[in-house]
Structure formats: structure tokens, C-alpha cells
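Given next are the chains, with one letter for each unit.
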Amino acid sequence: MAKSEKTDAIMLLKADHREVEELFEQFEKASTKARKVKLVEQICTELTIHTLIEEEIFYPTFRGKIEDDILDEGYVEHDGAKVLMAELMAGDPDDAFYDAKVSVLSEEIKHHVKEEEQPKEGMFAQCRKTDVDMAELGERMKARKEELKADIEKNGLPKPETRSFKGAEVLHGEPPTPPA
């Protein structure tokens, strides 16, 4: 009987990164409202699952084993993305700033991915230098990912939960009116 190959935790996360990058590229080329809505739903679903497995399993595993600052930044970057995802999921492609929000979300994710994947000093490079069993961790993350996918299929996307933001009150102004 063939031995099944285990999933490496970092390879799982990198595969997620490539998938979301592709979805953002598709959004840039999308021309119909329906296609944009579908792609934003896919992007938000993938990012929700990804952030949850990182925040519930991956980041806590490495707390105290790698630089705390890099983990803290990861949480804050996730929270910024969650705010934009909530805006997008509550919005519509006809809304002012919709495409701009997708563009900014894409840029935030690119920055986040670069920090995680940076050779030598990035989060993943630091994680590789620890004694954590990446195959066992990957299996746990893969199982949780499947649970989250099933739950989202059944109940829809959960309301984003920020872990580093305090929920400060902000004022909401009107979008600028375009020149006549």
C-alpha cells in the first residue's frame, strides 16, 4: 500500500497565495458586474479561510519561536484585509470606490505575502529554522481548511473578526462627486 504524502504547512500557505494572486489578476481583466461579484466572493472566501488557518493554527504554533513582531504584523495586516473584505462583501461593483478597494486589498495581500515569503528573513524562512514538524502542522491546517470550506458552503462567509483592531469609531463622509 502506497504511503500518502503529507502536506507541508508552508507549501499549503504558498499554494493559497498563488491561488489568490490568480483571482486578483482575473478581477483586473473582468468587465462585467456579475464576473466582478463572483471573483470578489471567491477572493473573500479564499482569504477568509487562509487567514483563519494562519490565525488559529500557524501563527500560534510559532509564537515564541520566531520574531514576535513579524507575527504581530501578520495579525494587523489580516485585520486590514478583513475590513476591506467586509466592505466589498457589503458592496456592489456599481458603488463608488469598489474597484479601488479591490485594488488596495490586492496590494495589501501582495505586501503581506512578500513579508511571509521573503527568503532568509521572512516569516516562513524563520519558521523553517524551528523544530516544528511542518508535515504534521500542514495536516492539521489542511483538515481545518476543509472544515471551514464545508461550513462556508453551508452557512456562507462568517462576519470578519479582527484580532488587533479595537473597533475605533470613524466618521463616514460622502464620496466626492465627479465633475460635470
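Residues numbered from 1 in each chain as written. Predicted model: local features only at pLDDT ≥ 70, side-chain atom pairs only at ≥ 80, totals over all residues. Heavy atoms only, no water.

## Regarding the nonpolar core
Then comes step 1: Ranked by internal contacts, the top residues of the largest apolar core, which has 24 residues, are Phe58, Phe62, Met123, Cys127, Leu137 and Met141.
Then comes step 2: Elements that contribute at least two residues to this core include exactly helix H1 (9–29), helix H2 (33–62), helix H3 (68–90), helix H5 (123–128) and helix H6 (134–155).
Then comes step 3: In terms of residue count, the dominant contributor to this core is H2 (7 residues).
Then comes step 4: If you look at the next biggest cluster of nonpolar residues, it comprises 19 residues, including Ala81, Met85, Tyr98 and Leu105. (Core = buried A, V, L, I, M, F, W, Y, C linked by side-chain atoms within 4.5 Å. Buried < 20%, exposed > 50% of the residue type's maximum accessible area, 1.4 Å probe, protein only. Helix = DSSP H or I, 4+ residues; strand = E, 2+ residues; numbered from the N terminus.)

## Quick notes on the packing of H2 against helix H4 (residues 98–117)
Then comes step 1: For the pair H2 and H4, the least separation of the axes is 13 Å and the interaxial angle reads 30°. Classified by the angle between their axes, H2 and H4 sit roughly parallel to one another. The interaxial crossing formed by H2 with H4 has left-handed handedness. In contact with Lys36, Val37, Val40, Ile43, Leu47, His50, Glu54 and Tyr59 of H2, H4 contributes Tyr98, Asp99, Val102, Leu105, Ile109, His112 and Glu116.
Then comes step 2: For the contact of H2 with H4, a count of residues per class yields 9 nonpolar, 2 polar and 4 charged. (Axes fitted to C-alpha atoms, helices over the stretch in contact; angles between N-to-C directions. Parallel < 35°, antiparallel > 145°, perpendicular 65-115°, else oblique. Left-handed = near helix turned anticlockwise from the far one by under 90°. Contact = heavy atoms within 4.5 Å. Nonpolar A, V, L, I, M, F, W, Y, C, P; charged D, E, K, R; others polar.)

## Section: a nonpolar patch on the surface
Then comes step 1: Together, Val76, Val83 and Phe165 line one region of the surface with nonpolar side chains, adding up to about 230 Å² of accessible area.
Then comes step 2: Take Phe165: it is sitting in the segment after H6. (Patch = residues over 30% accessible without salt bridge, like charges linked within 9 Å, V, L, I, M, F, W, Y side chains within 5 Å. Areas by Shrake-Rupley, 256 points an atom, 1.4 Å probe, with all protein chains shown as cover. Salt bridge = Lys/Arg side-chain N within 4 Å of Asp/Glu carboxyl O.)

## Structural notes on a negative patch on the surface
Then comes step 1: On the surface, Glu67, Asp69, Glu73 and Glu121 cluster together to form a negatively charged patch.
Then comes step 2: Along the chain, the position of Asp69 falls in helix H3.
Then comes step 3: On the basis of relative accessible area, Asp69 is assigned to the exposed category, the value being 54%. (Lys, Arg positive; Asp, Glu negative; His and termini not counted. Charge placed at Lys NZ, Arg CZ, Asp CG, Glu CD.)

## Concerning the environment of Val40
Then comes step 1: Topologically, Val40 is positioned in helix H2.
Then comes step 2: Val40 sits in the buried class, given a relative accessible area of 2%.
Then comes step 3: Note: C-alpha distance between Val40 and Pro178 (138 residues apart in sequence) is 25 Å.
Then comes step 4: Those residues in contact with Val40 that sit more than four places away from it in its chain are Phe27, Leu88, Met89, Tyr98 and Val102.

## As for the side chain of His112
Then comes step 1: Tracing the sequence through the fold places His112 in helix H4.
Then comes step 2: In this structure the side chain of His112 is engaged in a polar contact, spanning 2.5 Å, whose partner is the side chain of Glu77.
Then comes step 3: At a separation of 3.2 Å, a polar atom in the side chain of His112 contacts the side chain of His78.
Then comes step 4: Not counting chain neighbours up to four residues away, the residues in contact with His112 comprise Glu54, Tyr59, Gly74, Glu77 and His78. (Polar contact = N/O pair within 3.5 Å; in protein donor to acceptor, adjacent residues only side chain to side chain.)

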